[in-house]
Amino acid sequence: MAATAPMKPSNIADNSFIKTLAESSTLSSVPSQFSFANDSRGSHSDSIPIIDFSHLASDNPDQRAKVLRDLDNACREWGFFVLVNHGISESLLKDIIDASLEYFELPEEDKRRYEAKSPSDPIKSGSGSVINTANHRVHLWRDFIKSYVHPEFHCPDKPQKLREVLAEFSEKTRSVARKLLQDIGENLGLEKGYIDEVLKLDSCFQLYAANYYPPCPQPDQAIGLPAHTDHGLLTFLIHNGVAGLQIQHKGEWFNTNSPQNSILVNTADHLEILSNGRYKSVRHRAVVNSEETRISVVMANGAAPDAIVRPAEPLVEQDGRAYYHSMKFIEYVETMLSNRLQGKSNLDCIKIQDAD
């Protein structure tokens, strides 16, 4: 029996959620299947652009022109920005975090109902997702729930609170994303309504994801989410006040700091494609800590599932060529979800290589 005792945490990890593993009284180190040596240190930075959403509708032309320039710079130089004064209530932001936490606190049998069988499943729940590194397969230090919420709404049956809150959160974030995309289109020199029309935003795709990162005994030996980029146009992220998101900027990792009730926004793969490379989809990752549970809620906003995403024709004309192949949006999403988060592999695959 003494020979098998040290494997108890590993067995828990294989059969249960990370929450259960983290709460195990026998856990003092990271089980081997979670081993992911990484430098999780990031440079604290106050430089991530802050965009005041209310100024985008300003009657003051100088004020609006300035925030448009700031938005353009954020999309070109950082691929991330902090959105403030976005009009989504503090109570709704709190409610979606609380309802997501309630989901993770459900009995395991309730969560196992949504274990993913294929990338196209509209609701997926899981734990310790596996990624392939150069040396071995690694389990991630997180539990998650994902569901497609638009154009068709899907949500777990429990907790009851989640359905109502998620429906409202989906609607509010969809409206903010669409306004941002209108202004981004203006910055790109596209005609008003161009993005709405070619990407069929009336039927835009939205994916809700909530992540649960419990305390880890050796945070430098595990990873919540490895470096990756997102599918879609704009990804929104909020959290429970516990830091953990890092972004890569000019080859260095930066910790993200965001004021209470703000939303972290990043430009994702399909905005890079649409802009023909002017805006960049930026690698980011989630690191873990040894003291506090982190909850993040993500809303990925994309084109309609059947929309063909390609570089905007006016931009291709300016550049003399397209830098990306076209692809149906939902096909990209499903192939990316099946690729186990291996960096920018999908986006790299549809880049058109230089002839020389």
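Everything that follows concerns the structure shown earlier in this document.
Residues numbered from 1 in each chain as written. Predicted model: local features only at pLDDT ≥ 70, side-chain atom pairs only at ≥ 80, totals over all residues. Heavy atoms only, no water.

Asker: Please provide a residue-by-residue account of the side chain of His 228, values included.
Answerer: Relative to the helices and strands, His 228 is located in strand E9 (residues 225-228). According to the relative accessible area criterion, His 228 is buried, its value standing at 7%. (Helix = DSSP H or I, 4+ residues; strand = E, 2+ residues; numbered from the N terminus. Buried < 20%, exposed > 50% of the residue type's maximum accessible area, 1.4 Å probe, protein only.)

Asker: Could you give an account of the pattern of salt bridges, with specific residues and numbers?
Answerer: Pairing is possible between side chains of opposite charge, provided their charged atoms come close. Enumeration according to the criterion identifies 16 salt bridges in this entry. Across the pair Asp 110 and Lys 158 runs a salt bridge, and its minimum N-O distance is 3.6 Å. Of this pair, Asp 110 sits in helix H5 (residues 108-112) while Lys 158 sits in the loop between strand E7 (143-150) and helix H6 (160-187), placing them 48 residues apart in sequence. For Asp 110, a relative accessible area of 16% puts it in the buried group. Residue Glu 115 pairs with Arg 112 through a salt bridge whose shortest N-O separation is 2.8 Å. Residue Arg 112 is classed as partly exposed on the basis of its relative accessible area, which comes to 28%. Three or more residues joined by partner-sharing salt bridges are found here, namely Arg 64, Lys 179, Asp 183 and Glu 186. (Salt bridge = Lys/Arg side-chain N within 4 Å of Asp/Glu carboxyl O.)

Asker: Talk me through the packing of aromatic side chains; I want residue IDs and the actual numbers.
Answerer: Counting across every chain of the model gives 6 aromatic pairs. For the ring pair Tyr 148 and Phe 205, a centre distance of 4.9 Å and an interplane angle of 70 degrees mean the geometry is edge-to-face. You can see Tyr 148 sitting in strand E7 and its partner Phe 205 sitting in the loop between helix H7 (194-198) and strand E8 (206-213), a full 57 residues away along the chain. Of the two residues, Tyr 148 and Phe 205, neither departs from the other in class, the shared state being buried. An angle of 55 degrees between the planes, with centres 5.5 Å apart, marks the rings of Phe 205 and Phe 329 as tilted. Remark: Phe 329 occurs in helix H10 (residues 329-337) and Phe 205 occurs in the loop between H7 and E8; sequence separation between them is 124 residues. Look at Phe 205 and you get buried, because its relative accessible area is 3%. Cluster of aromatic residues (ring-pair linked, three or more members): Tyr 103, Phe 104 and Tyr 212. Note that Lys 146 overlies the ring of Phe 144, its terminal NZ or CZ placed 5.3 Å from the centroid. (Phe/Tyr/Trp six-rings, centres within 6.5 Å; stacked < 30°, edge-to-face > 60°. Lys NZ or Arg CZ within 6 Å of the ring centre and 35° of its normal.)

Asker: So what about the packing of helix H3 (residues 61-78) against H6? Which residues, and what values?
Answerer: Their axes nearest at 10 Å, the elements H3 and H6 cross at an angle of 90 degrees. By the angle between their axes, H3 is roughly perpendicular relative to H6. Contact with H3, carried on its side by Arg 64, Leu 68, Leu 71, Asp 72 and Cys 75, involves Lys 179, Leu 180, Asp 183, Ile 184, Glu 186 and Asn 187 of H6 and no other residues of that element. For the contact of H3 with H6, a count of residues per class yields 5 nonpolar, 1 polar and 5 charged. (Axes fitted to C-alpha atoms, helices over the stretch in contact; angles between N-to-C directions. Parallel < 35°, antiparallel > 145°, perpendicular 65-115°, else oblique. Contact = heavy atoms within 4.5 Å. Nonpolar A, V, L, I, M, F, W, Y, C, P; charged D, E, K, R; others polar.)

Asker: Give a detailed account of the pairing of E8, specifying residues and quantitative values.
Answerer: Of all 8 residues in E8, 8 are buried, a share of seventy percent or more. Side chains of E8 alternate between two faces, with Gln 206, Tyr 208, Ala 210 and Tyr 212 and Leu 207, Ala 209, Asn 211 and Tyr 213 buried alike. As paired elements, E7 and E8 share 7 bridges and run antiparallel to each other. Across the sheet, residue Ile 145 finds its bridge partner in E8, namely Ala 210. When E8 meets strand E15 (residues 294-301), the two strands line up antiparallel, connected through 8 bridges. The residue bridging Gln 206 from the neighbouring strand is Asn 301, located in E15. (Pairing = 2+ DSSP bridges.)

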